[in-house]
Amino acid sequence: MPTTTPAFATSSATAPLAASTIERRDPGPNDVAIDVLFCGVCHSDIHQARNEWGNATYPMVPGHEIVGRVTKVGANVKKLAVGDLAGVGCMVGSCGECPACKSGSEQYCIKGCAQTYNSTEMDRKTPTYGGYSTHVVVAESFTLKIPAGLDPAGAAPLLCAGITTYAPLREYGCKKGDRVGVVGLGGLGHMAVKLAASMGAEVTLFSSSPSKEADARRLGASNFVVTKDPANLAKLAGSLDLIIDTVSAAHDYNAYLAMLRAKGTMVLVGAPPEPSAVSCFSLIMGGKRLVGSMIGGVPETQEMLDHCGKHKIVSDIELIPIQKINEAYERMIKADVKYRFVVDLGSLR
Ligand code: NAP
Ligand code: ZN
């Protein structure tokens, strides 16, 4: 018998999120049932709830930064036991057979991975619903172990903001002494600063909010640049090895590419709905790379969690009851969050 589960859902691109219920399946032999304790609020939740990416399906229950307590495990489950703290990120399934899945990059599954919400299970029929709910049932292979010693609420944003910034830092070889630029100090941006600093990089934070300078330095940035004045960027031409761009709204990528050294790399993780023109000369002059990156695979997500466990890294959060979710969305759009809202699902029980 499926379980009727309290959730917060939206029914259209313009409707606020409101109390609702969804059905969760009984855990099968390979499944883990989890009581959701905390769920982070990602800007992707806003893009999707409001259909800004044009792929929304309703009703939608957002939330893909889930930390909870395991309540039941199927007969074949080995990774987790009842009572463990478990995490679920942006994916709940993939084909398991394509080269991407076989190499641990399930996010790039050739068939399209099953996303945690606004998607379907791999049967392509059963809708998926996210972590703004009290209970989830997920295949063991898409669950993560939360390291002991990390605050569970602060660890929730690691499941998306953490892995989305950790993966490109690793992929493009962030190491001690590298000069890494991070654009935007929101949920992803503040994790990028903490993680790059933990790898020994010298971090320069680019922000449209002058008031965030003290926080940027406290989080681990050595330099802080206000982006509203183009002269501030021009001064840094050719000075950075790697840039992680986390900005959620359209902006000029050319201005940032100019700050890379020859053969440097700029990684887009921020996903503004509108396109932005890139001049070929921004790349040709200096042989630069402009790449995108989507979250991270399951093995790398566990590696990131273990790195955070070792370095005692969690997100700086503002804990809210689910009833404040619509207000939180409005504040995020104004870049007014320090630095991740996390929903306490105790408020829905
Ligand atoms: P967030 O917490 O809202 O942070 C975004 C930051 O971007 C803001 O705090 C602000 O920083 C800056 N910003 C916002 N509007 C701006 C504007 N008009 N001009 C200049 N800067 C602006 O969002 P988030 O949760 O970190 O997500 C950031 C983006 O990454 C979203 O588009 C999200 O969908 C995307 N995302 C992608 C992936 C992936 O796998 N690639 C995963 C998760 C999220 P300052 O105040 O410092 O300027
Ligand atoms: Zn996210």
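A brief structural summary. (Residues numbered from 1 in each chain as written. Chains lettered and ligands numbered in written order. Predicted model: local features only at pLDDT ≥ 70, side-chain atom pairs only at ≥ 80, totals over all residues. Heavy atoms only, no water.)

Some remarks on the side chain of D31
Part 1 of the argument: Among the structural elements, D31 can be located in strand β3 (residues 31-40).
Part 2 of the argument: Classification of D31 as buried rests on a relative accessible area of 9%.
Part 3 of the argument: At a separation of 2.9 Å, a polar atom in the side chain of D31 contacts the side chain of R25.
Part 4 of the argument: Contact partners of D31, with chain neighbours within four places excluded, come to R25, D26, K72, V73, G74, V77, V137, V138, A139 and E140. (Helix = DSSP H or I, 4+ residues; strand = E, 2+ residues; numbered from the N terminus. Buried < 20%, exposed > 50% of the residue type's maximum accessible area, 1.4 Å probe, protein only. Polar contact = N/O pair within 3.5 Å; in protein donor to acceptor, adjacent residues only side chain to side chain. Contact = heavy atoms within 4.5 Å.)

Looking at the coordination of the zinc ion (ligand 2)
Part 1 of the argument: Distances from the zinc ion (ligand 2) to its protein donors, namely C42 (SG), H64 (NE2) and C160 (SG), fall within the range 2.0 to 2.2 Å.
Part 2 of the argument: All donor residues of the zinc ion (ligand 2) come from one chain, and their arrangement in sequence is C-x21-H-x95-C. Here H64 lies in the loop between α1 (43-49) and β4 (66-73) and C42 lies in the loop between β3 and α1, a separation of 22 residues in the sequence.
Part 3 of the argument: In this structure C42 comes out as buried when scored by relative accessible area, which is 3%. (Donors = N, O, S within 2.8 Å, 3.2 Å for Na, K, Ca; no water.)

Comments concerning the pattern of salt bridges
Part 1 of the argument: On inspection of all chains with the given rule, the structure shows 15 salt bridges.
Part 2 of the argument: With a shortest N-O distance of 3.2 Å, R179 and D241 are connected by a salt bridge. With a gap of 62 residues between them, R179 in strand β10 (residues 179-183) and D241 in strand β13 (residues 240-245) connect regions that are remote in the sequence.
Part 3 of the argument: Between K194 and D316 there is a salt bridge whose closest N-O contact spans 2.6 Å. Of this pair, K194 sits in helix α5 (residues 187-198) while D316 sits in the loop between α10 (298-311) and β16 (317-321), and the two are 122 residues apart along the sequence. D316 carries the same exposure label as K194, and that label is buried.
Part 4 of the argument: Through salt bridges with shared partners, a single ionic network connects K194, D215, R218, D316 and K338. (Salt bridge = Lys/Arg side-chain N within 4 Å of Asp/Glu carboxyl O.)

Details of the site of ligand 1
Part 1 of the argument: S207, S208, S209, K212 and R340 are the nearest of the 29 residues found near ligand 1.
Part 2 of the argument: Between an oxygen atom of ligand 1 and a main-chain N or O atom of L185, the distance comes to 2.7 Å.
Part 3 of the argument: When contributions to the shell around ligand 1 are tallied by element, the ones reaching two or more residues are α1 and α5.
Part 4 of the argument: Considering each element in turn, the shell around ligand 1 owes the most residues, 3 residues, to α1.
Part 5 of the argument: Here the shell around ligand 1 is composed, by residue class, of 13 nonpolar, 14 polar and 2 charged. (Near = heavy atom within 4 Å. Nonpolar A, V, L, I, M, F, W, Y, C, P; charged D, E, K, R; others polar.)

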